[in-house]
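Coordinate inspection notes
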Amino acid sequence: MKKYICILILSTMLFASGCGSQEKMKDGFYTAEMSDYSHGWKEYVCIMVKNNSIVSAEFNAKDLNGYIKAWDNAYMGNMLQVAGTYPNEYTRYYTASLIKKRDIAKVDTLTGATSSGGHFALLTAAAIEQAKKGDHTTAHVEDET
């Protein structure tokens, strides 16, 4: 029994010290957007952090007029025929996966939306960095492709 209690205490101390070494995110909303428009759209992510967890997220793209890509029915119909997915589907998939898995590295890329999946990962990482600093300004992310 003493051995079990010692192991439990040691494990708890190691877990607590490991968690303490990570920089925590500050509560609030944090946004990151791509630096440039691609094919007329600029992708962005907005996350809501509470108690060091992402509890809500929005991923989408907007055009020069601020029109949201997921609302574009013509675009949806064309993309669905070509890629098998569309913005309103893959944006929800990525954000739901992030909230469920709690780790951007564990979010799988959706077939047909791989470019947007890569941007989602970059944007989310930038928003998380903003959250760690408590910086509510919009982060601008360069496309690495």
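Data block above holds the structure.
Residues numbered from 1 in each chain as written. Predicted model: local features only at pLDDT ≥ 70, side-chain atom pairs only at ≥ 80, totals over all residues. Heavy atoms only, no water.

Some thoughts on the overall build of the protein chain
Cut-off, in case you're wondering: A run of H or I in DSSP becomes a helix once it reaches four residues, and a run of E becomes a strand once it reaches two; helices and strands are each numbered from the N terminus. Computed with a 1.4 Å probe, the accessible areas rest on the Shrake-Rupley method; for each residue, only the protein chains presented here act as cover.
Summing up its helical and strand segments, the protein chain has four helices and four strands in all. Listing every helix and strand of the protein chain by position from the N terminus yields α-β-β-β-α-α-α-β. When the accessible surface of the protein chain is summed, it comes to about 9200 Å², and 56% of that surface belongs to carbon and sulfur atoms.

Some points on unusual backbone geometry
Glycine aside, the phi torsion of most residues is negative, and most peptide linkages are trans. Despite not being glycine, N52 shows a phi value in the positive range, around 65°. Residue placement: N52 occurs in the loop between β2 (42–50) and β3 (53–62).

Let's talk about the environment of V82
Put simply, the test is: Burial here depends on accessible area, computed with a 1.4 Å probe over protein chains only, as a share of the maximum for the residue type. Under 20% is buried, over 50% is exposed, and the range in between is partly exposed.
Relative to the elements of secondary structure, V82 occurs in helix α2 (residues 73–83). The exposure class assigned to V82 is exposed, which follows from its relative accessible area of 75%. In this structure the C-alpha to C-alpha distance between V82 and G112, which are 30 residues apart in sequence, comes to 8.3 Å.

A word on the pairing of β3
Test applied: Here, strands pair whenever DSSP counts at least two bridges between them.
Direction of pairing for β2 relative to β3: antiparallel, over a ladder of nine bridges. Counted as the bridge partner of M48 is S56 from β3. Where β2 folds back onto β3 in an antiparallel hairpin, the turn is made up of two residues, including N51, whose phi is positive at roughly 55°.

Thoughts on the pairing of strand β1 (residues 28–34)
Across the seven residues of β1, five count as buried, placing the element largely inside the fold. Examined bridge by bridge, β1 and strand β4 (residues 139–141) share three bridges and lie parallel to one another. Paired with E33 across the strands is H140, a residue of β4.

Here we look at the side chain of H119
The condition that has to hold: Pairs of N or O atoms within 3.5 Å make up the polar contacts considered here, provided that, within protein, one atom can donate a hydrogen while the other can accept it, and that residues adjacent in sequence are counted only when both atoms are side-chain atoms. In what follows, a contact means two residues having at least one pair of non-hydrogen atoms within 4.5 Å.
Within the element layout of this structure, H119 appears in helix α4 (residues 114–133). Relative accessible area serves as the criterion here: at 8%, H119 is assigned to the buried category. For H119, the side chain forms a polar contact with the side chain of D143, separated by 3.3 Å. With residues up to four places along the chain from it excluded, the contact list for H119 reads M34, E43 and D143.

So, the packing of helix α3 (residues 87–101) against α4
Let me state the cut-off plainly: Interaxial angle, 0 to 180 degrees, is taken between N-to-C directions of lines fitted to C-alpha atoms, where a helix line uses only the stretch in contact. Geometric relationships in this document are graded by angle, where less than 35 degrees denotes roughly parallel, more than 145 denotes roughly antiparallel, 65 to 115 denotes roughly perpendicular, and other angles denote oblique. A crossing counts as left-handed when the near helix is turned anticlockwise from the far one by less than a right angle, and as right-handed when that turn is clockwise. Charged means Asp, Glu, Lys or Arg here, nonpolar means Ala, Val, Leu, Ile, Met, Phe, Trp, Tyr, Cys or Pro, and polar covers whatever is left, Gly included.
Following both chains from N to C, one finds α3 and α4 inclined at 40°, their axes separated by 11 Å at the closest point. With respect to their mutual orientation, α3 and α4 come out oblique. As for the relative orientation of α3 and α4, their crossing is right-handed in sense. Note on element contacts: α4 touches α3 through S116, G117, F120 and T124, opposite Y90, Y94, T95 and L98. Of the residues in the contact of α3 with α4, the class split is four nonpolar, four polar and no charged.

Here we look at α3
We count it as follows: To estimate the expected span of a helix, count its residues, drop one, and scale the result by 1.5 Å. When we speak of the arc, we mean the arc of directions from the helix axis to the C-beta atoms.
Compared with an ideal rise of 1.5 Å per residue, which puts 15 residues at 21 Å, α3 spans 21 Å between its outermost C-alpha atoms and is within 8% of the ideal. Within α3, the full set of buried residues consists of P87, Y90, T91, Y94, T95, S97 and L98. Buried positions in α3, seen along its axis, are confined to an arc of 155° and lie on one side of it. Residues of α3 that are exposed and point more than 90 degrees away from the buried face comprise R92 and K100. In this structure, the buried residues of α3 make contact with β2, β3, α2 and α4. Downstream of α3 by a residue or two, R102 has a phi angle that is positive, lying close to 60°.

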